[in-house]
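# Chains, contacts and geometry: an overview
Here are the chains, one letter per residue:
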Amino acid sequence: MNPLLGKLHPYPFERLRALTAGITANTANTANTAYRPISLGIGEPRHATPALIEQAMLAGLKGLSVYPPTAGSLELRLAFTGWLQRRYGVAVDAATQVLPVGGTREALFAIAQTVVDASRPGATVVCPNPFYQIYEGAALLAGAEVAFANSDPARNFAADWAAIDEATWARTQLLYVCSPGNPTGAVMPLAEWQMLFDLSDRHGFVIASDECYSEIYFRDEPPLGGLEAAAKLGRPDFRNLIAFTSLSKRSNVPGLRSGFVAGDAALIEPFLLYRTYHGSAMGPVVQAASVAAWNDEAHVQANRALYRTKFAQVTPVLAEVLDVALPDAGFYLWAGLPAAAGGDDIAFALALLAQYNVAVLPGSLLAREAGSGAHRHNPGRGRIRMALVAGTDECLEAAHRIAEFTRSYLPSSQTAP
Ligand SMILES: Cc1ncc(COP(=O)(O)O)c(C=O)c1O
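The following refers to the structure shown. (Residues numbered from 1 in each chain as written. Predicted model: local features only at pLDDT ≥ 70, side-chain atom pairs only at ≥ 80, totals over all residues. Heavy atoms only, no water.)

### Comments concerning the site of the ligand
- Residues in close proximity to the ligand total 14 residues, the closest being Thr 104, Asp 210, Ser 246, Ser 248 and Lys 249.
- Here an oxygen atom of the ligand and a side-chain polar atom of Thr 104 are 2.7 Å apart.
- Interatomic distance of 2.7 Å between a side-chain N/O atom of Tyr 213 and an oxygen atom of the ligand.
- Here the ligand, which alone exposes 400 Å², has 92% of that area covered by the protein.
- Put simply, the ligand lies in the largest pocket.
- Contributing elements (two or more residues each) for the shell around the ligand: helix H4 (104-115) and helix H9 (247-250).
- The greatest single-element share of the shell around the ligand, amounting to three residues, is contributed by H4. (Near = heavy atom within 4 Å. Polar contact = N/O pair within 3.5 Å; in protein donor to acceptor, adjacent residues only side chain to side chain. Areas by Shrake-Rupley, 256 points an atom, 1.4 Å probe, with all protein chains shown as cover. 1 Å grid on protein atoms, 1.4 Å probe; cavity = no way out; pocket = protein on both sides within 12 Å on 5 of 7 lines; lining within 4 Å. Sits in = over half its atoms within 2 Å of the grid points. Helix = DSSP H or I, 4+ residues; strand = E, 2+ residues; numbered from the N terminus.)

Here it is as structure tokens:
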């Protein structure tokens, strides 16, 4: 067996399932069945899939008798570049600068296998912290070490890239960024991009920009994209940058498995080679549905409006008891617990489930202990992530239960024996 498999960490939901096993079983801790269960745990879109995508799939059933090219059809590539032009005002070459992917998850994994040269001593991949766990697994299986930059709540949860020392940057081959961030919802401003491009120029590493939440946002201005930042900063060739964009959240089709990558042609070419061997071509039915989805913006606006209404109603209820505010973007609330919780997000989440039958994700499961000296900590500790993916009524009901629970919460270590 590949010994690197042994380095993988269990997925946050596996850890949560193990932790809650005693609560959902019939024990003294049984989830309170006076309340119907509500899950804000998993970040899976639950709004309806637009009919136009389903119709395009049916119409695309022809073509199953041939192998699709890994690079996708020209029509599909033009749908990507047309969308990038409309959304970010960037000119991207359909022949050399885009590729279809089977959802961004597989592509975020595959890019590390393409980019990382583990034969160079100390090969390192840098990730934000907290982070989407695929980044870490991709780095480990590529034979690299992982270095984490902790998110700083005092700076809208921006990752503290400055805390990574020069020696680590010098060994870095790949940097993952996530903007809008999961779980923080923070969007990286242009100045942060400038800093990362400078570092990339100095040390030669690739930047993989995960942008799968880019279309769910709450301010007037849409989130800045990586390609857009590069173009604004005089890098029209997107040197050493590859951006990952997905239909899953934008168009409520996580089951379709469709997204694309765009960026530096010098990265896209070896990525296509890797993907050809890996066998990750997009089938013609998914291609047809994807073309329809990228070419339509009305369903995206309607979807965004649903999230805006929901967040406008739910956030104030939770802000009365938790340290939380409307994020820049995404569909999560990333909330700090009150002092009474003593920073123990796991105990808080388990008690909430047991007493009010609401599942949330303890923040410490989404992050690793990182940083040096006195600054070393798990930046998810003392926080919970709530995915507002269900309907507004269900999310509001969960918020009211969480508020009631939080007002009287004392961890068992602080209650009288
Ligand atoms: C930050 C982040 N990136 C990427 C993905 C993968 O999305 P998909 O593979 O559906 O495009 C997710 C899914 O939850 C995510 O949260």
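### A short note on the sheet that holds strand S3 (residues 124-129)
- With respect to topology, eight strands assemble into an open sheet ordered S2-S9-S8-S7-S6-S3-S4-S5, the strand pairing being mixed. The outermost strands of the open sheet, each flanked by one partner alone, are strand S2 (98-101) and strand S5 (158-159).
- Note: strand S7 (residues 206-210) against strand S8 (residues 241-246), four bridges, orientation parallel. Counted as the bridge partner of Asp 210 is Phe 244 from S8.
- Helix H3 (residues 74-88) contacts S2, S8 and strand S9 (259-263) of the sheet and is inclined by roughly 110 degrees relative to S2. (Pairing = 2+ DSSP bridges. Contact = heavy atoms within 4.5 Å. Axes fitted to C-alpha atoms, helices over the stretch in contact; angles between N-to-C directions.)

### Observations concerning the pattern of salt bridges
- Counted according to the given criterion, the structure contains 16 salt bridges.
- Of the charged contacts in the structure, one is a salt bridge between Lys 232 and Glu 228, with a shortest N-O distance of 3.6 Å. Placement of the pair is Lys 232 and Glu 228 together in helix H8 (residues 226-232), with a separation of four residues, close to one helical turn.
- Judged by relative accessible area, Lys 232 falls into the exposed class, the value being 53%. (Salt bridge = Lys/Arg side-chain N within 4 Å of Asp/Glu carboxyl O. Buried < 20%, exposed > 50% of the residue type's maximum accessible area, 1.4 Å probe, protein only.)

### Let's talk about the environment of Ala 162
- Examined against the element boundaries, Ala 162 turns out to sit in the loop between S5 and helix H6 (166-171).
- Accessibility expressed as a relative area gives 67% for Ala 162, which makes it exposed.
- C-alpha of Ala 162 to C-alpha of Asn 129: the two residues are 33 residues apart in sequence and 13 Å apart in space.

### Observations regarding the nonpolar core
- Core analysis: the biggest nonpolar cluster contains 44 residues, and Leu 84, Trp 161, Leu 175, Trp 193, Ile 207 and Leu 227 have the highest contact counts within it.
- Elements with a minimum of two residues in this core: H3, strand S4 (145-152), strand S6 (172-178), helix H7 (190-203), H8, S8, S9 and helix H11 (284-294).
- Among the elements that take part in this core, H3 stands out by supplying six residues, more than any other.
- Those residues in contact with Leu 175, other than ones at most four positions away along the chain, are Val 126, Trp 161, Trp 169, Leu 196, Phe 205, Val 206, Ile 207 and Ala 208.
- Counting 41 residues, the second largest nonpolar core, distinct from the first, contains Ala 349, Tyr 356, Val 358 and Ala 398. (Core = buried A, V, L, I, M, F, W, Y, C linked by side-chain atoms within 4.5 Å.)

### Let's talk about the layout of surface pockets
- Its boundaries defined by the atoms lining it, the largest pocket holds a volume of some 520 Å³.
- Lining the largest pocket are 25 residues, with Tyr 11, Gly 43, Arg 105, Tyr 132 and Lys 249 sitting closest to its centre.
- Within the residue set of the lining of the largest pocket, elements represented by two or more residues are helix H1 (12-24), H4 and H9.
- Looking at the lining of the largest pocket residue by residue, the class counts come to 13 nonpolar, six polar and six charged.
- Within this model, the second largest pocket holds a volume of roughly 350 Å³.
- Forming the boundary of the second largest pocket are 16 residues, of which Phe 148, Asn 150, Ala 163, Gly 371 and Ser 372 lie nearest the centre.
- In terms of residues, the lining of the second largest pocket owes the most to one element, S4, which gives six residues.
- Among the residues making up the lining of the second largest pocket, the classes are represented as six nonpolar, seven polar and three charged. (Points joined across faces, edges and corners; volume = space filled by probe spheres on them. Nonpolar A, V, L, I, M, F, W, Y, C, P; charged D, E, K, R; others polar.)

### A look at a nonpolar patch on the surface
- Residues Met 1, Leu 5 and Leu 8 make up a contiguous nonpolar surface patch of about 370 Å² in total accessible area.
- In this structure, Leu 5 sits in the segment before H1. (Patch = residues over 30% accessible without salt bridge, like charges linked within 9 Å, V, L, I, M, F, W, Y side chains within 5 Å.)

### Quick notes on the side chain of Ser 179
- Residue position: Ser 179 is located in the loop between S6 and H7.
- Taking relative accessible area as the criterion, Ser 179 reaches 2% and is therefore assigned buried.
- Separated by 2.8 Å, the side chain of Ser 179 and the backbone nitrogen of Met 188 make a polar contact.

### Re the sheet that holds strand S10 (residues 332-336)
- Pairing within the open sheet is antiparallel, and its three strands lie in the order S10-S13-S12. Only two strands of the sheet have a single neighbouring strand rather than two, namely S10 and strand S12 (361-362).
- Summarising the sheet, S12 and strand S13 (residues 383-387) pair through two bridges and their orientation is antiparallel. Within S13, the position partnered with Leu 361 by the bridge is Arg 385.

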